[in-house]
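# Chain and residue survey
So the chains spell out like this:
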Amino acid sequence: MFRSIVALWMVYSFVAGATTLFATLPANAPKPAALYAHHCASCHGTDRLGGTGPALIPQSLRRLKRDHAIAVVTKGRPATQMPAFEAVLDADQIESLVGYMYRPLFGVPKWGEREIARSRIVHQPAPLPAKPVFDADLMNLFIVVETGDHHATLLDGDTFTPIHRFPTRFALHGGPKYTRDGRFVFFASRDGWISKYDIYNLKMVAEVRAGINTRNAAVSPDGRFVAVGNYLPHNVVILSGEDLRPLRVVPATGFDGRSSRVSAVYTAPPRDSFIVALKDIPEVWEIPYRGDDIARVDVRRIAVEHCLDDFFFDQKYRHLMGATRPDPEAAEAPGGQVVDLDRGAVVASLDLAGMPHLGSGIKWDWKGRRILATPNLKTGKVSFIDMDTWKTTAELETLGPGFFMRSHRASRYAWVDVFFGPHRDKVHVIDKQTLTIAKTLQPEPGKTAAHVEFTKDGKYALLSVWDLDGAVIVYDAETLREVKRLPMKKPSGKYNVFNKTRFEEGTSH
Ligand code: DHE
């Protein structure tokens with residue numbers, strides 16, 4: 001009932017907004033609300049509150065200058081799914097459309113603890129048996145997210161056969177997060193839905209809408225808490241990992257009282273805390289979850305030099321390495337920063353060839369030193385960074401900018417995709433000791449090849465053919481030969497229970 005009222009309210013706002021706007025324009029002027037409904041609503045939501053694309057309202061666009069927004073609509077945004085509209089809309093239409101995006105809504109719907117609680121759906125009120133209903137190595141399972149038709153597949157990592165395929169919320173994004181025992185997995189969708197799924201029983205346990213436009217979710221390893229980072233509203237929501245009840249809403253307000261979108265939240269198991277970076281305010285937060293009083297615990301705030309968009313950690317979670325999305329108006333991009341979380345200070349800067357995607361980087365030992373390797377979304381280069389000196393020790397030219405780099409402790413290779421440009425159907429396999437390309441594969445000519453995840457033992461690498469008529473391809477990680485091809489609908493990420501829950505060095509966490 002409540003959700004119907006919200007939906008009706010949204011439709012009303014949209015129609016009312018359009019009507020008011022039309023009244024101020026000459027009869028023959030482009031009609032931005034209609035243009036929006038036709039070209040933008042399917043990704044950004046009919047209400048402009050976000051979907052697969054971000055919310056297009058002033059609160060979300062405040063770091064984007066209007067001229068740049070016009071350029072994005074005209075030319076598209078290379079590191080995202082945003083296409084160019086110059087072939088279908090003329091300059092006046094684009095300008096009026098952008099003006100429409102910067103118009104305030106008649107009020108952004110409130111989405112606080114009460115609304116979150118009311119959205120909660122409990123599918124399994126009684127505990128289910130703690131015994132799997134299938135036979136497989138429970139630590140070598142994969143969840144494959146199929147964004148093509150909004151499903152997920154549970155895959156046996158020994159036999160590479162699907163165990164079960166089930167529907168998910170619309171537009172999942174980011175890695176599903178497992179409890180340490182691998183029994184439960186939590187999914188986050190771009191429009192704020194968090195779902196808890198029982199892998200042993202192959203059943204959805206509960207769902208809740210924790211935000212209107214969500215970045216990602218993190219889960220404490222014991223499964224007691226889920227933290228959700230939101231663009232809209234500006235907050236971090238803490239949920240009970242048991243039944244997704246909201247426990248706390250932490251407004252993302254900085255030292256100076258300004259509010260901010262949340263870039264992302266991660267769990268830092270050795271610290272027993274969630275680490276949060278803010279997108280509009282130069283601060284990193286730490287929210288401890290050791291005790292039971294997460295609803296009251298103080299948030300630790302660390303001032304950083306620039307707002308952090310994308311970041312990752314060293315294996316001990318002492319250092320956070322982050323990058324800032326460049327301001328299109330600024331002459332120079334601000335570069336990366338290293339934050340020492342123990343000292344609560346920025347201790348070094350990083351020389352990156354461009355901004356990496358979140359969790360793109362991995363680490364390994366090289367010539368007696370620890371290095372971090374990451375592609376970036378701007379140029380075809382992988383940067384190798386010495387984690388003692390924080391200096392870039394080497395760079396490797398690739399065939400184009402990449403989203404993801406993956407390896408496994410047991411493998412001598414690291415795989416990096418070439419997500420953008422004419423070579424998006426290729427993937428490089430890099431020798432981790434010589435830092436050179438050992439082989440370039442072309443799994444399916446003409447179709448984007450991306451995102452690799454290894455089996456528990458590192459012997460096989462699974463890669464996505466990122467297409468509605470796509471596949472997950474299993475490679476022998478040593479011979480680099482194809483072993484099996486499983487048809488899937490635009491499989492985006494795949495996530496191995498062991499590698500994720502044991503924080504394997506070659507993957508994201
Ligand atoms: Fe992602 C992870 C942000 C575009 C596929 N991406 C993440 C995470 C964040 C993020 C915050 C970490 C979530 C987590 O695992 O906890 N992504 C962003 C962006 O800011 C960016 C550049 C623009 C945007 O659209 O928001 C972006 N991402 C994309 C895509 O266009 C991709 C390729 C397709 C899609 O689904 O939208 C994409 N992102 C992914 C995937 C992961 C991810 C598959 C998880 C990788 C992993 O192995 O952990």
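All of these numbers come straight from a predicted model, not from anything done at the bench.

Attention now goes to the coordination of the iron atom of the ligand. The coordination sphere of the iron atom of the ligand contains the protein donors His173 (NE2) and His357 (NE2), at a distance range of 2.1 Å. Classification of the site at the iron atom of the ligand rests on its six donor atoms, whose angles at the metal span 84 to 179 degrees, yielding the label octahedral. Taken together, the positions of histidine 173 in the loop between strand E4 (162–167) and strand E5 (177–178) and histidine 357 in the loop between strand E20 (345–350) and strand E21 (362–366) put the pair 184 residues apart, joining distant regions of the chain.

Let's shift gears to the environment of leucine 56. Counting through the fold element by element, leucine 56 comes out in the loop between helix H3 (41–44) and helix H4 (58–61). Owing to a relative accessible area of 9%, leucine 56 belongs among the buried residues under this scheme. C-alpha of leucine 56 to C-alpha of alanine 41: the two residues are 15 residues apart in sequence and 9.9 Å apart in space. If we skip the residues at most four places from it in the chain, leucine 56 touches Tyr36, His44, Arg48, Leu61 and Met101.

In this section: the packing of helix H5 (residues 66–75) against helix H6 (residues 91–101). Where H5 meets H6, the axes come as close as 10 Å, and the angle between the chain directions of the two elements is 120 degrees. By the angle between their directions, the pair H5 and H6 is classed as oblique. In this structure, H5 meets H6 at a crossing whose hand is right-handed. From H5, Arg66, Ala69, Ile70, Val73 and Thr74 reach across to H6, where they touch Ile94, Glu95, Leu97, Val98, Gly99 and Met101. When the residues that make up the contact of H5 with H6 are grouped by side-chain class, the tally is seven nonpolar, two polar and two charged.

Quick look at the packing of helix H2 (residues 32–39) against H6 now. One can describe the packing of H2 onto H6 by two numbers: an axis separation of 9 Å at closest approach and a directional angle of 90 degrees. Here H6 runs roughly perpendicular to H2, going by the angle between their axes. Contacts between H2 and H6 involve Pro32, Ala33, Leu35 and Tyr36 from the first element and Gln93, Ser96, Leu97 and Tyr100 from the second. Residue composition of the contact of H2 with H6, grouped by class: six nonpolar, two polar and no charged.

This part covers the state of the cysteines. For the structure on display, the rule yields zero disulfides. The closest cysteine sulfur to the non-disulfide-bonded cysteine 43 is located on cysteine 40, 8.8 Å from its own sulfur. The exposure class of cysteine 43 is partly exposed, given its relative accessible area of 36%.

One pass over the structure, following the stated rule, counts two cavities of 30 Å³ or more. Of the voids in this model, the largest cavity is the one considered here, and its volume is about 120 Å³. Lining the largest cavity are Tyr266, Phe311, Phe312, Phe313, Asp314, Tyr317, Gly359, Gly361, Lys363, Thr507, Ser508 and His509. Take the lining of the largest cavity: its biggest share by element is three residues, from strand E17 (residues 310–313). Classifying every residue of the lining of the largest cavity by side-chain character gives five nonpolar, five polar and two charged. Considered as a void within the structure, the second largest cavity measures approximately 40 Å³ in volume. Along the walls of the second largest cavity sit Asp310, Phe311, Phe312, Met321, Gly322, Ala323, Leu350, Leu352, Pro356, Leu372 and Ile385, which together make up its complete lining. Of all the secondary-structure elements, those providing two or more residues to the lining of the second largest cavity are E17 and strand E18 (319–323). For the lining of the second largest cavity, a count of residues per class yields nine nonpolar, one polar and one charged.

Across the sheet, which stays open at both edges, the four strands sit in the order E4-E3-E2-E33 with antiparallel pairing between neighbours. Of all the strands in the sheet, the pair left with one neighbour each is E4 and strand E33 (491–496). The sheet shows a mean angle of 20 degrees between the axes of neighbouring strands, taken without regard to direction. With five bridges joining them, strand E3 (residues 151–156) and E4 adopt antiparallel strand pairing. Bridged to threonine 153 within E4 is arginine 165.

Within E18, five of the five residues are buried, leaving the element largely enclosed by the surrounding structure. In E18, alternate side chains face the same way, and those of His319, Met321 and Ala323 on one face and Leu320 and Gly322 on the other are all buried. Pairing geometry for E17 and E18, over four bridges, is antiparallel. Following the sheet pairing, aspartate 310 is matched in E18 by alanine 323. As paired strands, E18 and strand E19 (residues 336–340) are joined by four bridges and run antiparallel to one another. The residue of E19 that forms the bridge with histidine 319 is aspartate 340.

Calculation criteria
Residues numbered from 1 in each chain as written. Predicted model: local features only at pLDDT ≥ 70, side-chain atom pairs only at ≥ 80, totals over all residues. Heavy atoms only, no water. Donors = N, O, S within 2.8 Å, 3.2 Å for Na, K, Ca; no water. Tetrahedral: all angles 85-135°; square planar, octahedral: opposite > 155°, others 65-115°. Helix = DSSP H or I, 4+ residues; strand = E, 2+ residues; numbered from the N terminus. Buried < 20%, exposed > 50% of the residue type's maximum accessible area, 1.4 Å probe, protein only. Contact = heavy atoms within 4.5 Å. Axes fitted to C-alpha atoms, helices over the stretch in contact; angles between N-to-C directions. Parallel < 35°, antiparallel > 145°, perpendicular 65-115°, else oblique. Left-handed = near helix turned anticlockwise from the far one by under 90°. Nonpolar A, V, L, I, M, F, W, Y, C, P; charged D, E, K, R; others polar. Disulfide = S-S within 2.5 Å. 1 Å grid on protein atoms, 1.4 Å probe; cavity = no way out; pocket = protein on both sides within 12 Å on 5 of 7 lines; lining within 4 Å. Points joined across faces, edges and corners; volume = space filled by probe spheres on them. Pairing = 2+ DSSP bridges.

No statement about biological role is implied by the geometric values presented.
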